[in-house]
Amino acid sequence: VYDSHISDLWICQRDGSSPRQVTETIPSAMSPSWSPDGRYIALVGSTEEGSSIKEPWILNLANKELSALGDGQAEISSFTLMASHVPVWSKDSTSVAFLNS
């Protein structure tokens, strides 16, 4: 579930029950994409409130660990256009591609 007004990432059961927030360490999260094996979510987010600079992240659902990809220099987008460009996973869930716009 993605709410562009709140910018937090939440997950829930298919019927909408048991909602839980899964991003708490970054103020902005968008364009989530589940890995094929269901263990991870790739997303784009900002480290500062109100920032238009978006960077790639991987969320490990087993431990809720959110890890930045790269060295912090991988700016994915500098505007909210990324909402329509979700990360794409390899079939074996070992790599993910992001559109750099």
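Preceding this paragraph is the structure being described.
All residue numbers here refer to positions counted from 1 along the written sequence of the relevant chain. For this predicted model, a pLDDT threshold of at least 70 governs which residues receive local features, and a threshold of 80 or more governs which side-chain atom pairs are given and counted, while totals over whole chains, interfaces and linings are taken from all residues. Hydrogens are left out, water is left out, and the side-chain values use all remaining heavy atoms of the structure.

Colleague: Before we go on, may I ask you to explain the nonpolar core in this structure?
Modeller: Across soluble globular proteins, you tend to see nonpolar side chains buried next to one another. Remark: nonpolar core denotes a set of buried residues (Ala, Val, Leu, Ile, Met, Phe, Trp, Tyr, Cys) joined through side-chain atoms within 4.5 Å. To sort residues, take the accessible area from a 1.4 Å probe on protein chains only and compare it with the maximum for the residue type: under 20% means buried, over 50% means exposed, and anything in between is partly exposed. Counting eleven residues, the largest nonpolar core is built from Leu-9, Ile-11, Val-22, Ile-26, Ala-29, Ile-41, Leu-43, Trp-57, Leu-59, Leu-61 and Leu-66. Under the DSSP-based scheme used, a helix requires at least four consecutive residues in state H or I and a strand at least two consecutive residues in state E, with every element numbered from the N terminus. Where this core is concerned, the elements lending two or more residues are strand E4 (40-46) and strand E5 (55-60).

Colleague: Help me understand the sheet that holds E5 in this model?
Modeller: Note: strands within a sheet are paired through backbone hydrogen bonds, in either parallel or antiparallel orientation. Being paired, for any two strands, means DSSP has found at least two bridges between them. As summarised here, the arrangement of the four strands in space is E3-E4-E5-E6, forming an open sheet in which the pairing is antiparallel. Sheet topology places strand E3 (28-34) and strand E6 (65-68) at the edges, where each strand pairs with a single neighbour. Between one strand axis and the next, the sheet turns by 30 degrees as a mean value, whatever way the strands run. As defined by bridge partners, E4 adjoins E5 across six bridges and the pair is classed as antiparallel. Bridged to Gly-45 within E5 is Glu-55. Axis angles are defined between N-to-C directions and span 0 to 180 degrees, where every axis is a line fitted to C-alpha atoms and, for a helix, only to the segment in contact.

Colleague: Please clarify how the side chain of Ser-28 should be interpreted in this entry.
Modeller: For Ser-28, the location among the structural elements is in strand E3. Setting aside its immediate chain neighbours within four residues, Ser-28 contacts Ser-7, Val-44, Gly-45, Ser-46 and Lys-54. When checking whether two residues touch, look at their non-hydrogen atoms; a contact exists if any pair is within 4.5 Å.

Colleague: How should I be thinking about the pattern of salt bridges in this particular structure?
Modeller: It is possible for side chains of opposite charge to pair when their charged atoms get near one another. For salt bridges, the criterion is a side-chain nitrogen of Lys or Arg within 4 Å of an Asp or Glu carboxyl oxygen. For the structure shown, the criterion picks out two salt bridges. Measuring nitrogen to oxygen at the nearest pair gives 3.7 Å for the salt bridge that ties Lys-64 to Glu-24. Placement of the pair is Lys-64 in the loop between E5 and E6 and Glu-24 in the loop between strand E2 (20-21) and E3, with a sequence separation of 40 residues. Accessibility expressed as a relative area gives 37% for Lys-64, which makes it partly exposed. With a relative accessible area of 57%, Glu-24 lands in the exposed category. A salt bridge links Arg-39 to Asp-37; its shortest N-O distance comes to 3.9 Å.

Colleague: Which parts of the structure should I look at to understand the packing of aromatic side chains?
Modeller: Two rings from Phe, Tyr or Trp (for Trp, the six-membered ring) form a pair when their centres are within 6.5 Å of each other. A pair whose planes differ by under 30 degrees is stacked, one over 60 is edge-to-face, and the rest are tilted. The tally for this structure, following the rule as stated, stands at one aromatic pair. With a centroid separation of 6.3 Å and 25 degrees between ring planes, the pair formed by Tyr-40 and Trp-89 is classed as stacked. Here the residue Tyr-40 occupies a position in strand E4, and Trp-89 occupies one in strand E7 (residues 88-89), the gap between them amounting to 49 residues. For the pair Tyr-40 and Trp-89, a shared accessibility class is recorded, and that class is buried.

Colleague: So what exactly am I meant to see when it comes to the pairing of E3 here?
Modeller: The side chains of a regular strand alternate between both faces of the sheet. For E3, the tally of buried residues reaches five of seven residues, placing the bulk of the element in the interior. The pairing of E3 with E4 spans five bridges and is antiparallel. Directly across from Met-30, in E4, lies its bridge partner Val-44. In this structure, the hairpin formed by E3 and E4 is closed by a connection of five residues, where Gly-38 is found at a positive phi of approximately 75 degrees.

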